[in-house]
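Notes for the structure review
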Amino acid sequence: MATKSLASCIFCKIIKGEIPSFKLIETEKVLSFLDIGPLSKGHALIIPKYHAEKLHELPDEYFTDILPAAKKIALALGAENYNVLQSYPMFSTRHPRQNNGRIAHQEVDHVHFHVIPKPSASQTEGLVVSWPAQKPSMDELKKLHEELVSKL
């Protein structure tokens, strides 16, 4: 299994034990720990033990432990409602996305996933989501579908 680390990366430093963390789950491929700036009680991070800035740069074998870790954390929290997402804008939780790159609001340049309990329907704890849905025509969707399928 390939490994890659970046000396200046805060998450790589946590993986190496150079920065302390409240570890939850650790496997050969991932590390999970409590977020020190949680959106709600139990908010946790899951990071691959391979430094990749963007999702498409991460070798496939590192994905195998991410969702099982997220599931174990959600079960341990007893969270009936929760969000699992890849990265989010650290200072703005109104527009969470699959953030890959600075202009997409990625704050730490290391692929990471969040498990965020949503204990109530309030707008004061857990993830607060805005979903600015677009309204493409069926022709636009068909064209996009054909383009994507040809590349897959």
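Only a predicted model underlies this, so the values are computations on that prediction, with no experimental measurement involved.

Attention shifts here to a nonpolar patch on the surface. On the surface, F22, L24 and L34 cluster together into a nonpolar patch covering about 290 Å² of accessible area. Along the chain, L24 falls in strand β1 (residues 23-26).

Where burial is concerned, most of strand β3 (residues 44-48) is hidden: five out of the five residues are buried. Side chains A44, I46 and P48 project from β3 onto one buried face, and the interleaved L45 and I47 project onto a second face that is buried too. For strand β2 (residues 30-34) and β3, the ladder comprises five bridges, and the chain directions are antiparallel. Note that in β3 the partner of L31 across the bridge is I47. Note: β3 against strand β5 (residues 113-117), three bridges, orientation antiparallel. Across the sheet, residue I46 finds its bridge partner in β5, namely F113.

Counted by the stated rule, this structure contains three salt bridges. Between K23 and E26 there is a salt bridge, and its shortest N-O distance comes to 3.5 Å. On the basis of relative accessibility, which here comes to 46%, the residue K23 falls in the partly exposed class. By relative accessible area, E26 is classed as partly exposed at 42%.

Before going further, it helps to examine the nonpolar core. The biggest cluster of nonpolar side chains holds 15 residues, and the ones touching the most others in it are I46, L58, I66 and I73. For this core, the secondary structure elements donating two or more residues are β3, α2 (66-77) and β5. Among the elements that line this core, the one with the most residues is α2, at four residues. The contacts of L58, once residues within four sequence positions are left out, are P48, Y50, A52, F63, I66 and V111.

Cut-off values and rules
- Residues numbered from 1 in each chain as written.
- Predicted model: local features only at pLDDT ≥ 70, side-chain atom pairs only at ≥ 80, totals over all residues.
- Heavy atoms only, no water.
- Patch = residues over 30% accessible without salt bridge, like charges linked within 9 Å, V, L, I, M, F, W, Y side chains within 5 Å.
- Areas by Shrake-Rupley, 256 points an atom, 1.4 Å probe, with all protein chains shown as cover.
- Salt bridge = Lys/Arg side-chain N within 4 Å of Asp/Glu carboxyl O.
- Helix = DSSP H or I, 4+ residues; strand = E, 2+ residues; numbered from the N terminus.
- Buried < 20%, exposed > 50% of the residue type's maximum accessible area, 1.4 Å probe, protein only.
- Pairing = 2+ DSSP bridges.
- Core = buried A, V, L, I, M, F, W, Y, C linked by side-chain atoms within 4.5 Å.
- Contact = heavy atoms within 4.5 Å.

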